Protein chains: 2
Amino acid sequence: MEGSSQHTPWIKKVIPELVPPSLQDNTADVDRLLKGLKKTLGTQRVLLDFSLAKAVPHALRQYEYDVQATLFQDSEGWHLIGLEPRTADGSLYALAVDLGSSTVVLRLMDLITTETLEERSFHNPQIQIGTDILTRIHFAGQKGGLEKLRSLLIERLNQEIQSLADQKAIPVRAIMGMCAAGNTAMTHFFLGLDPYWICREPYIPAINKPDLIKAGELGLCIHPEAPVLVFPNVGSYLGGDLIAGVLACGMTKTEHIAFLVDVGTNAEVVIGNSDWLMGCAGAAGPALEGGVAGMGMMAAPGVIDKVEIDPHTLQFKIGTIEGKPPVGICGSGLIDLVAQLFLAGMIDLRGKFVAEKCGTRLVETDGVRQLVVVPPEASGTGEALTLSQPDIDALIRSKAAMYTILTTVAKTVNISFQEVSKFYVAGTFGAYIDPRSAIVLGMIPDLPLETYIPLGNSSIEGATMALLSAEAREEISRIRDQVTYLELNVNQEFMNLFSAAKFIPHTDRTLFPSVKGREE
Amino acid sequence: MEGSSQHTPWIKKVIPELVPPSLQDNTADVDRLLKGLKKTLGTQRVLLDFSLAKAVPHALRQYEYDVQATLFQDSEGWHLIGLEPRTADGSLYALAVDLGSSTVVLRLMDLITTETLEERSFHNPQIQIGTDILTRIHFAGQKGGLEKLRSLLIERLNQEIQSLADQKAIPVRAIMGMCAAGNTAMTHFFLGLDPYWICREPYIPAINKPDLIKAGELGLCIHPEAPVLVFPNVGSYLGGDLIAGVLACGMTKTEHIAFLVDVGTNAEVVIGNSDWLMGCAGAAGPALEGGVAGMGMMAAPGVIDKVEIDPHTLQFKIGTIEGKPPVGICGSGLIDLVAQLFLAGMIDLRGKFVAEKCGTRLVETDGVRQLVVVPPEASGTGEALTLSQPDIDALIRSKAAMYTILTTVAKTVNISFQEVSKFYVAGTFGAYIDPRSAIVLGMIPDLPLETYIPLGNSSIEGATMALLSAEAREEISRIRDQVTYLELNVNQEFMNLFSAAKFIPHTDRTLFPSVKGREE
């Protein structure tokens, strides 16, 4: 990951040169402080809110004009947000936040040392309203719904921040900044903005660039004047989390063309380099998140994340998280499983079960064909873990959507996949997926495996970078403004491409020379 | 009065070019509005508060993207503060305010036509705490005192604003701006700033340049986002009212050197031209305001404002406001009276009664000599109106202070009075004073009478100019920064000069060639 080489802080403490007032220098207290700060910072633009100005005379006299000040910078200049005696502890803290729709991650940073002090994550409490974003958006349209979603999130955030601060023996008011990245809907919930039009054609967010908002205005328990930097979005379906990913992977720092993909219910894609960026998003379906398959689960101990099938014996080798008895399967495990089924000839190129290959593993319940992946006696639940034909069909639609989105965006910018030097995969999915399996399924292009780079949680990485560096903050804005958004819903070619991609790996086998399945 | 030739409004309404969103243009609502405003205003800097951003999507859709916006400009750019349907009434109102310590003046302006719609004044309700500023400053130091002073003023202002708006059938929320000028202490009360250090050496205000504050933050009943421009001060005793006077008289628009004097308990003086300004303030005592003399009163019907004494018959010719029977005397009347007493030889050059000239008019009560100015039978109160020796002594100290301040400031900048082309006299005092009488007393320099120009209420004039014109607003800031403040309290020569000025007209008679009194 590049792009984090420069660290000019935009939240900092300074000790202004102040001479106490005298008959020879009757400059007012507020103006005296601002003058001192301007001199120390070497700028003409130092501002403070009127509410703070009121407190300045008493503070200056209490501290005998020997003070340290906390300021943050935006396009208007430096804003004074805190004043302490010079002798006070010079520490300065801030939080990076990944506003995930499933999981929220908090990272407490020491802004002086730029070190991570602690990180913690928790399930997004909005899950109680709905696991998927659309349910939440509809809930927000009910009376009091938006406020409920907002306060669920903010209250839980405040609890976790307080607990984190207690753990580190830091007063929450010493946390003087926050940087939050999330998808567009999550950002709206966080800010209390109406998401009504996000999911309605022509899919318009309330705001693209929230930039900085005072913590107090958002109900956060950190210092009320602390700036909260909220990542901008390119549209309703290309959110701040993806901008954070673009920042974190450093793809805009080089001329080499890279792809960045974030796979979830929506597949979000950005392609480009230092000169240009194109982005698009499309529904991939929840199959890739493991959210739909009968035995689908989010990653947890006992969840299948790795499957191998011996092409000769057809024996299954099942890997689970922490090696616990299997209880379900996650997205990356599902992709492994279906790829292996294909390579073993147990499903055909349309993804349909091949009865003679599946043998006794294939059962039929209520007219639906199911493959027993783990028999009851080996299962952690005591019941068989099965994969149904509809599960596979859903996965194939999802992978076809994914591949079609990639193809469409590459065609639009007239780039062949072979010209792509890096293919960054964001999110939990990206961290666990085996690119070999994804290539076998025809979900991602048939490129050398080293092209594929898992980014992990690039939202929290991007948020951390933007928190620490003015250059990174500027880069975010530049990235956002540079992304040309490709609207897939109006793309004529998309449906044709989608149909061709609904085969394993593809109707056009020349696109996947490395895949040699048993079906040949 | 010059300086009001240019009128670039800094609060205005514009109709942005907006294209409703489509799949081809998915710009968010807030960003779309800002983009439209930037294009229409021809600027890159259009900002809005997050609290307003929240309301934008609903408003835009309700008005079908056909809107008019209200904005104001500061050094950061244009700030959006209001959004209405394009079809709404395009009117725009604002208030100029003179925050006088005795009288507050409100002027309702139509910002579109730049016309004054209505003006009204009322006694400052803080008078119930104390007529003089020092009493109020001390009261502010008591528990709850500052808030009491602030709320007395703001609540009464709100009542008057509401009543003014009702009278003109305007909703108070349609008042989208305010500009207030007052002395430094009044400005502190208005803003709720602690005035504690104003009256304590080294006399430091809390703030010199309050600039713009939201009406809502000040508790004003006009549009809560309306900018309130508060005039800056040069120091604790050189306030925004004087800056307003400098702006209103236009003395900074010409190379000719002018004096501006505002006479009250403090005499505030500015001298200079377009290139330089020097200001100072000194205690003149309340005598010049008519606040101390036994029969002293503020201007009102029946108050003596003009006195003539026939030097031969020693008959008194008394003029009163509205010609009503005399009930007291105001500052300008007092100056007339004492000047006439001097010219008639009834007081000597030290201001002491000359018994043989005063005759039966001179009485003694409790050991204090008093001159009967109006006998009981001619008085509107049924009692004699008298002027005591201590009243005259106080006036002489005040006039000596005034002249010494003028002399000191002129000496400091190495200017002779003869080089002064205009001598502006601000305030009620300036409007009524007869310069001839003031020259006779040696209160002001012996210059041609046409040099003296009464400014009337230059606070409200300056406030109005700054409300209407961006150039005037900039000029205020320039004036404030250009004034060099002369601290009289540390001036060694001041006391010597003061002693010499305690004669009528002066110990050095060559300074007042035009004054030829009977005492010769």
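Refer to the preceding data block for the structure.
A short tour of the structure in this document, coming up. (Residues numbered from 1 in each chain as written. Chains lettered and ligands numbered in written order. Predicted model: local features only at pLDDT ≥ 70, side-chain atom pairs only at ≥ 80, totals over all residues. Heavy atoms only, no water.)

Here we take up the overall build of chain A. Within chain A one finds 16 helices and 22 strands. For 520 residues, the compact-globule estimate of 2.2 N^0.38 gives 24 Å, and chain A sits close to it at 26 Å. When the backbone C-alpha atoms are referred to their principal axes, chain A occupies close to 100 × 50 × 45 Å. Across chain A, contacts joining residues at least 24 apart in sequence account for 65% of those joining residues at least 6 apart. Just so you have it, chain A exposes about 20400 Å², and 50% of that area is on carbon and sulfur atoms. (Helix = DSSP H or I, 4+ residues; strand = E, 2+ residues; numbered from the N terminus. Rg over C-alpha atoms; globule rule 2.2 N^0.38 Å. Contact = heavy atoms within 4.5 Å. Areas by Shrake-Rupley, 256 points an atom, 1.4 Å probe, with all protein chains shown as cover.)

Residues and elements named next belong to chain A. Taken in spatial order, the 6 strands line up as 7-6-5-8-10-9 in an open sheet, and their pairing is mixed. On the outer flanks of this sheet lie strand 7 (115-123) and strand 9 (211-214), each paired with one strand and no other. Strand-to-strand twist in this sheet, taken as the mean axis angle between neighbours without regard to direction, amounts to 20 degrees. Contacting strand 5 (93-99), strand 6 (103-110), strand 7 and strand 8 (175-182), helix 5 (residues 145-167) crosses the sheet at an angle of about 140 degrees to strand 7. (Pairing = 2+ DSSP bridges. Axes fitted to C-alpha atoms, helices over the stretch in contact; angles between N-to-C directions.)

Turning our eyes to something else, we now look at the packing of helix 5 of chain A against helix 6 (residues 184-191) of chain A. Residues and elements named next belong to chain A. Remark: helix 5 packs on helix 6, axes separated minimally by 7 Å, with the N-to-C direction vectors making an angle of 85 degrees. Compared by their axis directions, helix 5 and helix 6 come out roughly perpendicular. Across the interface between the two elements, Leu146, Leu149, Arg150, Leu153, Ile154 and Leu157 from helix 5 touch Met186, Phe189, Phe190 and Leu191 from helix 6. Residues belonging to the contact of helix 5 with helix 6 are distributed by class as follows: 9 nonpolar, no polar and 1 charged. (Parallel < 35°, antiparallel > 145°, perpendicular 65-115°, else oblique. Nonpolar A, V, L, I, M, F, W, Y, C, P; charged D, E, K, R; others polar.)

This paragraph deals with the pairing of strand 4 (residues 77-85) of chain B. All names here are of chain B. Most of strand 4 sits inside the fold, with 7 of its 9 residues counted as buried. Pairing analysis gives 2 bridges linking strand 2 (residues 46-47) to strand 4, with the strands arranged parallel. Within strand 4, the position partnered with leucine 47 by the bridge is histidine 79. Pairing between strand 3 (residues 67-74) and strand 4: 8 bridges, direction antiparallel. (Buried < 20%, exposed > 50% of the residue type's maximum accessible area, 1.4 Å probe, protein only.)

This part takes up the relation of the copies chain B and chain A. Between the two chain copies there is a screw-like relation: a rotation about an axis and a shift along it. Superposition record for chain B on chain A: RMSD 0.1 Å, screw rotation 180 degrees, translation along axis 0.1 Å. Considering both components of the superposition, the chain copies are consistent with a two-fold axis. Considering only C-alpha atoms, the part of chain B nearest the rotation axis is glutamate 76 of chain B, at 3.0 Å. A shared binding surface is used by both copies, with 100% of the interface residues of chain B retained as interface residues in chain A. (Least-squares fit on C-alpha atoms with pLDDT ≥ 70 in both.)

Right, let's talk about the sheet that holds strand 1 (residues 11-14) of chain A for a bit. Remark on secondary structure: sheet strands pair via backbone hydrogen bonds, oriented parallel or antiparallel. The sheet built from 4 strands is open, its strands ordered 1-3-4-2 (chain A) with mixed pairing. If you trace the sheet from one side to the other, it starts and ends with strand 1 and strand 2 (46-47) of chain A, each paired once.

Note that side chains of opposite charge can pair when their charged atoms are close. Taken as a whole and assessed by the stated rule, the structure comprises 48 salt bridges over all chains. Salt-bridge contacts for aspartate 211 of chain A lead to arginine 473 of chain A; the nearest nitrogen and oxygen are separated by 3.9 Å. In this pair, aspartate 211 of chain A is assigned in strand 9 and arginine 473 of chain A in helix 15 (residues 470-482), connecting sequence segments 262 residues apart. The class of aspartate 211 of chain A is partly exposed, set by a relative accessible area of 36%. Under the relative-accessibility criterion, arginine 473 of chain A is labelled buried at 14%. Measuring nitrogen to oxygen at the nearest pair gives 3.1 Å for the salt bridge that ties arginine 350 of chain B to aspartate 348 of chain B. (Salt bridge = Lys/Arg side-chain N within 4 Å of Asp/Glu carboxyl O.)

All names here are of chain B. Positionally, aspartate 89 belongs in the loop between strand 4 and strand 5 (93-99). Aspartate 89 gets classed as exposed once you look at its relative accessible area, which sits at 56%. If near-sequence neighbours (up to four positions away) are discounted, aspartate 89 is found in contact with Lys13, Gln68 and Glu84. There is a polar contact of 2.7 Å between the side chain of aspartate 89 and the side chain of serine 91. (Polar contact = N/O pair within 3.5 Å; in protein donor to acceptor, adjacent residues only side chain to side chain.)

On inspection of all chains with the given rule, the structure shows 16 aromatic pairs over all chains. For the ring pair tyrosine 403 of chain A and phenylalanine 512 of chain A, a centre distance of 5.4 Å and an interplane angle of 50 degrees mean the geometry is tilted. Here the residue tyrosine 403 of chain A occupies a position in helix 11 (residues 389-412), and phenylalanine 512 of chain A occupies one in the segment after helix 16 (492-500), the gap between them amounting to 109 residues. Taken as a pair, tyrosine 403 of chain A and phenylalanine 512 of chain A share a single burial class, namely buried. Put simply, the rings of Phe259, Tyr403, Phe417, Phe423, Tyr452 and Phe512 of chain A pair up and form one aromatic cluster. We note arginine 200 of chain B situated over the ring of tyrosine 196 of chain B; from NZ or CZ to the ring centre the distance is 3.7 Å. (Phe/Tyr/Trp six-rings, centres within 6.5 Å; stacked < 30°, edge-to-face > 60°. Lys NZ or Arg CZ within 6 Å of the ring centre and 35° of its normal.)

Turning our attention to the side chain of aspartate 31 of chain A. Topologically, aspartate 31 of chain A is positioned in helix 1 (residues 29-41). We note that aspartate 31 of chain A is buried and unpaired, the nearest opposite charge coming from lysine 209 of chain B at a distance of 5.6 Å. Side-chain polar atoms of aspartate 31 of chain A contact the backbone nitrogen of asparagine 208 of chain B, separated by 2.5 Å. With residues up to four places along the chain from it excluded, the contact list for aspartate 31 of chain A reads Ile207, Asn208 and Lys209 of chain B. (Lys, Arg positive; Asp, Glu negative; His and termini not counted.)

This paragraph deals with the interface of chain B and chain A. Taken together, the contact pairs 44 residues of chain B with 45 residues of chain A. Here chain B packs against chain A, burying approximately 3700 Å² in sum over the two surfaces, 62% of which is carbon and sulfur. Between chain B and chain A we count 0 salt bridges in total. Remark: the boundary between chain B and chain A carries 18 residue pairs in polar contact (both at pLDDT 80 or more). (Buried area = accessible area lost by both parts, 1.4 Å probe.)

All names here are of chain A. Taken across its 8 residues, helix 6 has 8 buried, putting it largely inside the fold. Among the residues of helix 6, those classed as buried are Thr184, Ala185, Met186, Thr187, His188, Phe189, Phe190 and Leu191. Capping the start of helix 6, asparagine 183 holds a side-chain oxygen 3.1 Å from the backbone nitrogen of alanine 185, two or three residues further along. Downstream of helix 6 by one or two residues, glycine 192 has phi in the positive range, about 75 degrees.

This next bit is on the environment of arginine 32 of chain B. Relative to the helices and strands, arginine 32 of chain B resides in helix 1 (residues 29-41). Given the relative accessible area of 5%, arginine 32 of chain B is considered buried. Filtering out sequence-adjacent residues up to four positions away, arginine 32 of chain B remains in contact with Ile204 of chain A together with Leu18, Val19, Pro20, Pro21, Asp25, Asn26, Thr27 and Tyr65 of chain B.

Residue and element names in this part refer to chain A. At the junction of glutamate 201 and proline 202, the peptide bond is cis and its omega measures out at 5 degrees in the coordinates. Following the sequence through the fold, proline 202 ends up in the loop between helix 6 and strand 9. Of note, the amide linkage connecting isoleucine 504 to proline 505 takes the cis form, showing an omega dihedral of -15 degrees. Structurally, proline 505 can be placed in the segment after helix 16.

Turning to the packing of helix 11 of chain A against helix 16 of chain A, a few remarks are in order. Residue and element names in this part refer to chain A. At a minimum axis distance of 9 Å, the contact between helix 11 and helix 16 shows a crossing angle of 135 degrees. Classified by the interaxial angle, the pair formed by helix 11 and helix 16 is oblique. Crossing of helix 11 against helix 16: the hand is right-handed. Residue-level inspection shows Arg397, Ala400, Ala401, Thr404, Ile405, Thr407, Thr408 and Lys411 of helix 11 in contact with helix 16, the latter providing Glu493, Phe494, Leu497 and Phe498. Partitioning the contact of helix 11 with helix 16 into residue classes produces 6 nonpolar, 3 polar and 3 charged. (Left-handed = near helix turned anticlockwise from the far one by under 90°.)

All names here are of chain A. Tracing the sequence through the fold places isoleucine 433 in the loop between helix 12 (427-432) and helix 13 (435-441). On the basis of relative accessibility, which here comes to 13%, the residue isoleucine 433 falls in the buried class. Each C-alpha atom, one on isoleucine 433 and one on valine 307, is 12 Å from the other, the two residues being 126 residues apart in sequence.

Residues and elements named next belong to chain A. Counted at 1.5 Å a residue, the expected span for helix 9 (residues 331-343) with its 13 residues is 18 Å, and the 18 Å between its end C-alpha atoms agrees. In terms of burial, helix 9 is a largely internal element, 12 of the 13 residues being buried. Once helix 9 ends, the next one or two residues include glycine 345, with phi positive near 80 degrees. (Expected span 1.5 Å × (residues − 1).)

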